[in-house]
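Structural features, examined
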Amino acid sequence: LSAALDALSPDEQDLAESLFNYLVTPSGTKIAHDLGDLAQYAAVPEHDILPVLSALVADRIVRPVTESGAPDGSRFEIYHDVLAEPVAAWRAGHAAERQIVRERRAAERRHRRMLVVTAVSLVAFAAMALVTIFALLQRREAQEQRRQAEANELTERARVLGDVDPEAAVENALRAARLGPSSRALEDALR
């Protein structure tokens, strides 16, 4: 049984599993079915089932049966009752292997999806970090420009007030000196 089934392609093995589901009952009894019924149960065309049945007939796993009033070879059953238990065991093992393959593929898809999400998240985080750094630098530059503009304004006031109100002029010049780096105009205002 193992050698005959291993000789089939993976797709043919899947089809054989489906066919065995209807040729052997859960209690381990063999049952005969018409080719058309098997095709309908397996949800595949008859011409797809024939190569698998022919291979199984050649290896004496399945046999065509003739009943009174039915054409020769129109029904199929497992070759012998002794094969019912090994067929059921193979079918269960094959179904379990297919389930493992499906779960492995699903896990691989989830893993790939998680990698993509992680990569996108890292790129988004890096972009946000760059935007944040740029914003902080722009803020610092804006604050520096504001301080410099205020210092220039205070320097200009100090220069203008120098003759009118020297005390206020010195006060403005000192505030300007605290705000911004000294410039030639600030030095003149302080003098």
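Up top is the structure these notes are about.
Residues numbered from 1 in each chain as written. Predicted model: local features only at pLDDT ≥ 70, side-chain atom pairs only at ≥ 80, totals over all residues. Heavy atoms only, no water.

Focus on the nonpolar core
This is how the line gets drawn: Buried Ala, Val, Leu, Ile, Met, Phe, Trp, Tyr and Cys residues that are joined via side-chain atoms within 4.5 Å together make up what is termed a nonpolar core. Under the scheme applied here, a residue whose accessible area is under 20% of the maximum for its type counts as buried, over 50% as exposed, and between as partly exposed, the area being computed with a 1.4 Å probe on protein chains only. Secondary structure is summarised from DSSP: a helix means a run of H or I of at least four residues, a strand means a run of E of at least two, and numbering begins at the N terminus for each. Between two residues, a contact is recorded if the distance between any of their heavy atoms is within 4.5 Å.
Membership of the largest hydrophobic core comes to 25 residues, with the highest contact counts inside it found for Ala 16, Leu 19, Phe 20, Ile 49, Leu 53, Leu 56 and Val 62. Counting residues per element, this core draws most heavily on helix H2 (residues 10–23), which supplies five residues. The contact partners of Leu 53, leaving out residues within four places of it in the chain, are Leu 19, Leu 35, Leu 38, Val 62 and Phe 76.

Examining the packing of H2 against helix H3 (residues 35–42)
Operational definition: Every axis corresponds to a line fitted to the C-alpha atoms, with the helix fit spanning only the stretch in contact, and the corresponding angles, defined between N-to-C directions, vary from 0 to 180 degrees. Two helices that cross are described as forming a left-handed crossing if the nearer one is turned anticlockwise from the farther one by less than a right angle, and a right-handed crossing if clockwise. Only Asp, Glu, Lys and Arg are considered charged in this grouping, and only Ala, Val, Leu, Ile, Met, Phe, Trp, Tyr, Cys and Pro are considered nonpolar; every other residue, Gly among them, is considered polar.
Where H2 contacts H3, the axes come no closer than 10 Å and their chain directions differ by 115 degrees. Considering the relative orientation of H2 and H3, their crossing is right-handed. The segment H2 lies against H3, with Leu 15, Ser 18, Leu 19, Tyr 22 and Leu 23 engaging Leu 38, Tyr 41 and Ala 42. Split into classes, the residues belonging to the contact of H2 with H3 amount to seven nonpolar, one polar and no charged.

Some remarks on the sheet that holds strand E3 (residues 75–78)
Within a sheet, neighbouring strands are paired by backbone hydrogen bonds and run either parallel or antiparallel to one another. Selection criterion: When DSSP finds at least two bridges between two strands, those strands are taken to pair.
Taken in spatial order, the three strands make up an open sheet running E1-E3-E2, and their pairing is antiparallel. Two strands in the sheet have a free side with no partner beyond their single neighbour: strand E1 (33–34) and strand E2 (62–65). Sheet topology note: the E2/E3 ladder contains four bridges and is antiparallel. If you follow Val 62 over to E3, its bridge partner there is Ile 78.

Some remarks on H2
Keep this limit in mind: In this scheme, a helix's expected span is set at 1.5 Å multiplied by one less than its residue total.
Helix length check: H2 (14 residues) gives 20 Å between terminal C-alpha atoms against 20 Å at 1.5 Å per residue, within 8%. For H2, every residue scored as buried is listed here: Gln 13, Leu 15, Ala 16, Glu 17, Leu 19, Phe 20 and Leu 23.

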